[in-house]
Amino acid sequence: MPDPFSPPESPSAGSLFAAEALLPTGWARDVLIEWDATGRLTTVASGRQPAHGTPRASGPVLPGMPNLHSHAFQRAFAGLTEFRGAAQDSFWSWRTLMYRFASRIAPEQVEAIATWLYVEMLEAGYTSVCEFHYLHHDADGRPYADDAELALALLRAARRAGIGLTLLPVLYQASGFGGTPPSDGQRRFIRATDSMLRLLDRLRAPCEAQGARPGLAPHSLRAVPPDGLREALAGLDAIDATAPIHIHIAEQIAEVDACLAWSGQRPVAWLLDHAPVDARWCLVHATHMDAGEYRRAAASGAVAGLCPTTEANLGDGLFDFDAWRAAGGRWGVGSDSHACVNAAEELLMLEYSQRLATRRRNVGADARHRDVATALTLAAVHGGAQASGRAVGGLGVGQQADFVVLDPMHVALQGLAAPQMLSAHVFASHRTSAIDTVWVGGRQRAVAGRHAARDAAAAAFVAARGQLLAKE
Ligand code: NGQ
Ligand code: ZN
C-alpha cells in the first residue's frame with residue numbers, strides 16, 4: 001500500500017492565480033501568487049491578467065493561520081474532562097486529570113496523537129504550529145535513552161502531516177512560586193537548566209533538516225525560579241539570540257495571588273521587571289493584567305498568545321482585548337488543549353467573548369478593516385508569525401507560501417463576495433469547515449477539505465487513545 005503520508009517530495013516552484021486574495025493590506029483582486037522551490041513567495045501582485053497555464057484558485061485565498069500554542073498530547077482527552085468531579089471543578093481539577101493522562105502516554109502514542117492533530121489543524125486552516133513541549137521523560141521521570149525521544153516524535157509528526165513547526169522545549173523545575181519541589185505528576189516535565197541547554201543543542205540539526213524553528217518555553221513563573229529563567233535565557237541566546245521565547249502567564253487568579261504573595265508583584269509586572277521581554281516573547285494567556293501591565297506588556301512588543309476556546313473551557317477569565325489593542329498590543333491565537341481545533345472558531349470565540357463582556361458588537365473591527373473577520377484574521381496571522389519566529393506572516397513576498405482557499409460552493413458561502421465569504425466562514429459556517437485547499441510552503445496539504453493521510457492518521461489516533469483509556 002502506498003504511504004498515505006506525503007513522501008518528502010522534491011520541492012518545486014509554483015504559482016496560483018486568485019480572483020480575490022487577502023493580502024496583509026486587505027482584499028485584492030486578480031492576484032498572481034508565485035513561489036520558488038524553497039516554498040517562499042516571490043510574487044504577490046494584484047491587478048494581473050491570468051497567464052496561460054497558471055492554475056486558478058477555486059475561491060478566495062486567505063493567509064494560512066499560525067497556531068501559536070499547542071500541547072499536542074492533550075488532544076487525546078479533549079472532550080473527556082467535561083463531567084463534574086468535585087463540587088467546584090476548576091482549572092486545577094482539570095490539571096489533575098491532565099496529569100493522569102500525561103503520566104501514561106508512550107512515545108508511539110505521542111506521535112500518533114500529534115500526527116492526527118496536525119492533520120486536523122491543516123484541514124482547519126492552520127498551516128504552522130508552535131508546540132509547547134513539556135513531556136520529556138518516561139513515566140517514572142527518567143530520561144529516555146535518547147533524551148530527545150519525545151521532541152523527535154513531534155518533529156516526525158509535523159513532517160508527516162506537512163505542517164510548519166516551531167518547537168519549544170519547556171523548562172519546568174518547580175511546582176510553585178519560591179521553587180517548591182515538583183509533584184509526582186510533574187516528574188515527566190522536569191529538567192535542570194543544563195539538561196535543557198543540551199536538549200536545545202541536540203535539536204538544532206533535526207529542526208533545521210525540516211525547516212522547524214527551535215525556541216524555548218519557560219513553562220510559567222510558577223514552574224521556573226528566577227535563576228533557572230536567567231540561566232536558560234542566557235544559554236538560549238548563546239545558541240540563537242533571536243529564537244522565540246514563550247511563557248504561560250497570569251492565566252488564573254490563584255496564580256496572580258500566589259505571585260503577589262511570593263514577590264509583591266503581579267506575574268506580568270514581575271516578568272517585565274526581571275526578564276528582557278521584547279518581540280521575541282509570546283505571553284501565553286496573559287489573562288489577568290491590570291491597566292499598567294496591559295500598557296507595559298503591549299509596549300514591549302511581545303505577542304499575547306490568546307487561546308479563546310481553551311480559556312473558556314478552563315474557566316480562565318477574560319482577556320481585555322480593547323485595552324490590549326488600545327495599547328498597540330500584538331496578538332495571535334492558539335488551540336492549546338485542543339478542545340477545539342479550528343482557526344475560524346478561535347476568532348469567533350474571541351469576538352463573542354468580548355461581545356458578552358462589553359455588550360457591544362463588532363469589537364474586533366479596526367481602523368483599517370470594518371469587517372471583523374478580515375481584521376481578526378490579518379492581526380492573528382501577523383502576531384502568530386511573530387510568535388512563531390518563522391516567515392509565515394501571510395501573502396507577501398519573502399513569506400512562506402502558506403495559504404488556504406475557501407470553498408465557494410459551501411452553502412454558507414455560495415453567491416457571496418469574497419470578504420463576505422470569509423465572514424460567513426468565521427461567523428456562519430456552523431462548525432463545518434468551508435475550506436477547499438490548504439497549502440504549506442507551496443505544497444498542497446489538503447484537497448476538498450481533506451488531508452491525504454486523514455484516514456490513516458485518524459485510525460492510528462483512535463487506536464492510541466483506546467490504549468490510553470484502557471490503562472485507566
Ligand atoms: C499546560 N495548560 O501546561 O498544559 C497548562 C496547564 C499549568 C494551560 N495553561 C498546566 N492551559 O499551567 O500548570
Ligand atoms: Zn498551554
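First, a word on what this report is: a plain description of the structure on this page. (Residues numbered from 1 in each chain as written. Chains lettered and ligands numbered in written order. Predicted model: local features only at pLDDT ≥ 70, side-chain atom pairs only at ≥ 80, totals over all residues. Heavy atoms only, no water.)

So, about the site of ligand 1. Around ligand 1, the surrounding shell holds 14 residues, and the nearest of these are Arg95, Tyr134, His219, Arg222 and Glu251. Here an oxygen atom of ligand 1 sits 2.7 Å away from a polar atom, N or O, in the side chain of arginine 95. One of the side-chain N or O atoms of arginine 222 is found 2.7 Å from an oxygen atom in ligand 1. For ligand 1, whose free accessible area comes to 330 Å², the fraction covered by protein is 99%. (Near = heavy atom within 4 Å. Polar contact = N/O pair within 3.5 Å; in protein donor to acceptor, adjacent residues only side chain to side chain. Areas by Shrake-Rupley, 256 points an atom, 1.4 Å probe, with all protein chains shown as cover.)

This paragraph deals with the state of the cysteines. Evaluation of the coordinates by the stated rule reveals zero disulfides. As a non-bridged cysteine, cysteine 130 has cysteine 282 as the owner of its nearest cysteine sulfur, 7.0 Å distant. Among the cysteines around cysteine 307, which has no disulfide bond, cysteine 282 carries the closest sulfur, lying 7.8 Å off. (Disulfide = S-S within 2.5 Å.)

The next subject is the coordination of the zinc ion (ligand 2). Only His69 (NE2), His71 (NE2) and His248 (NE2) from the protein reach the zinc ion (ligand 2) as donors, at distances of 2.0 to 2.1 Å. When the donors of the zinc ion (ligand 2) are listed by position in the chain, the intervening gaps give H-x1-H-x176-H. With histidine 71 in the loop between strand 5 (65-70) and helix 1 (91-102) and histidine 248 in strand 10 (residues 245-249), this residue pair connects regions lying 177 residues apart in the sequence. The buried category is assigned to histidine 248, whose relative accessible area is 7%. (Donors = N, O, S within 2.8 Å, 3.2 Å for Na, K, Ca; no water. Helix = DSSP H or I, 4+ residues; strand = E, 2+ residues; numbered from the N terminus. Buried < 20%, exposed > 50% of the residue type's maximum accessible area, 1.4 Å probe, protein only.)

Right, let's talk about the side chain of aspartate 316 for a bit. Take aspartate 316: it is sitting in the loop between helix 9 (308-313) and helix 10 (321-326). This buried residue, aspartate 316, is left without a salt bridge; arginine 222 holds the nearest opposite charge, at 8.6 Å. There is a polar contact of 2.8 Å between the side chain of aspartate 316 and the side chain of glutamine 252. With residues near it in sequence (within four places) discarded, aspartate 316 still touches Phe91, Glu251, Gln252, His285, Thr287, His288 and Glu311. (Lys, Arg positive; Asp, Glu negative; His and termini not counted. Salt bridge = Lys/Arg side-chain N within 4 Å of Asp/Glu carboxyl O. Contact = heavy atoms within 4.5 Å.)

So, on to the layout of surface pockets. Taken as a whole, the second largest pocket encloses approximately 450 Å³ of empty space. Taken together, 21 residues line the second largest pocket, and the ones lying closest to its centre are Asp366, Arg368, Leu378, Ala379 and His382. Only strand 1 (14-23), strand 13 (330-333) and helix 12 (372-388) provide two or more residues apiece to the lining of the second largest pocket. Looking at the lining of the second largest pocket element by element, the count peaks at six residues for helix 12. Across the lining of the second largest pocket, the residue classes break down as ten nonpolar, seven polar and four charged. (1 Å grid on protein atoms, 1.4 Å probe; cavity = no way out; pocket = protein on both sides within 12 Å on 5 of 7 lines; lining within 4 Å. Points joined across faces, edges and corners; volume = space filled by probe spheres on them. Nonpolar A, V, L, I, M, F, W, Y, C, P; charged D, E, K, R; others polar.)

Another point: the packing of aromatic side chains. Summed over the entire model, instances satisfying the criterion amount to 19 aromatic pairs. Ring geometry for phenylalanine 77 and tryptophan 94: centres 6.5 Å apart, planes at 35 degrees, overall tilted. Highlighted residues: phenylalanine 77 in the loop between strand 5 and helix 1 and tryptophan 94 in helix 1, separated in sequence by 17 residues. Overall, tryptophan 94 belongs to the buried group, its relative accessible area being 11%. With a centroid separation of 4.7 Å and an interplanar angle of 70 degrees, the aromatic rings of tyrosine 134 and phenylalanine 189 are classed as edge-to-face. Here tyrosine 134, found in the loop between strand 6 (126-133) and helix 3 (149-161), pairs with phenylalanine 189, found in the loop between strand 7 (164-171) and helix 4 (193-209); they are 55 residues apart in sequence, far enough to count as distant. Grouping residues by exposure puts tyrosine 134 and phenylalanine 189 together as buried. Taken together, the ring pairs in this structure connect Phe73, Tyr99, Tyr134, Tyr172 and Phe189 into an aromatic cluster. We note arginine 104 situated over the ring of phenylalanine 101; from NZ or CZ to the ring centre the distance is 5.0 Å. (Phe/Tyr/Trp six-rings, centres within 6.5 Å; stacked < 30°, edge-to-face > 60°. Lys NZ or Arg CZ within 6 Å of the ring centre and 35° of its normal.)

Tyr118, Leu271, Trp281 and Trp331 are the most contacted members of the largest nonpolar core, which has 130 residues in total. Ignoring anything within four residues of it in the chain, the contact list for tyrosine 118 reads Ala72, Val129, Glu131, Leu154, Ala157, Ala158, Ala161, Ile163 and Leu165. The next biggest cluster of nonpolar side chains, apart from the first, holds 17 residues, and it includes Leu23, Ala57, Val61 and Ala401. (Core = buried A, V, L, I, M, F, W, Y, C linked by side-chain atoms within 4.5 Å.)

Tracing the chain through its elements places aspartate 201 in helix 4. Classification of aspartate 201 by relative accessible area gives partly exposed; the value is 42%. Separated by 81 residues in the primary sequence, aspartate 201 and cysteine 282 have C-alpha atoms spaced 22 Å apart.

Our focus in this paragraph is the sheet that holds strand 10. Strand order in the open sheet made by the four strands is 10-11-12-13, with parallel pairing throughout. A single partner strand is all that each edge strand has here, and the edge strands are strand 10 and strand 13. When strand polarity is set aside, the average angle formed by the axes of neighbouring strands in this sheet is 30 degrees. The pairing of strand 11 (residues 281-285) with strand 12 (residues 303-306) spans three bridges and is classified as parallel. (Pairing = 2+ DSSP bridges. Axes fitted to C-alpha atoms, helices over the stretch in contact; angles between N-to-C directions.)

Looking along a regular strand, one sees the side chains alternate between the two faces of the sheet. Of all eight residues making up strand 7, eight are buried, and the element is well covered by its neighbours. Covered by surrounding structure in strand 7 are Gly164, Thr166, Leu168 and Val170 together with Leu165, Leu167, Pro169 and Leu171, the residues of both alternating faces. For strand 6 and strand 7, the ladder comprises six bridges, and the chain directions are parallel. By the bridge assignment for strand 7, histidine 133 is matched with proline 169. Following the chain from strand 6 across helix 3 to the adjacent parallel strand 7, one finds a crossover that is right-handed. Assessed by its sense of winding, the connection that carries the chain from strand 7 through helix 4 to strand 8 (residues 213-214) is right-handed. (Right-handed = clockwise from strand over helix to strand, strands pointing away.)

Looking now at the pattern of salt bridges. By the definition in use, this model includes 21 salt bridges. One salt bridge connects arginine 266 with glutamate 293, and the closest N-O pair in it is separated by 2.7 Å. Of this pair, arginine 266 sits in the loop between helix 6 (253-263) and helix 7 (267-274) while glutamate 293 sits in helix 8 (residues 291-299), and the two are 27 residues apart along the sequence. A salt bridge links arginine 450 to aspartate 455, with the nearest nitrogen and oxygen atoms 3.1 Å apart. For aspartate 455, a relative accessible area of 54% puts it in the exposed group. One continuous salt-bridge network, built from bridges that share partners, spans Glu111, Arg156 and Arg160.

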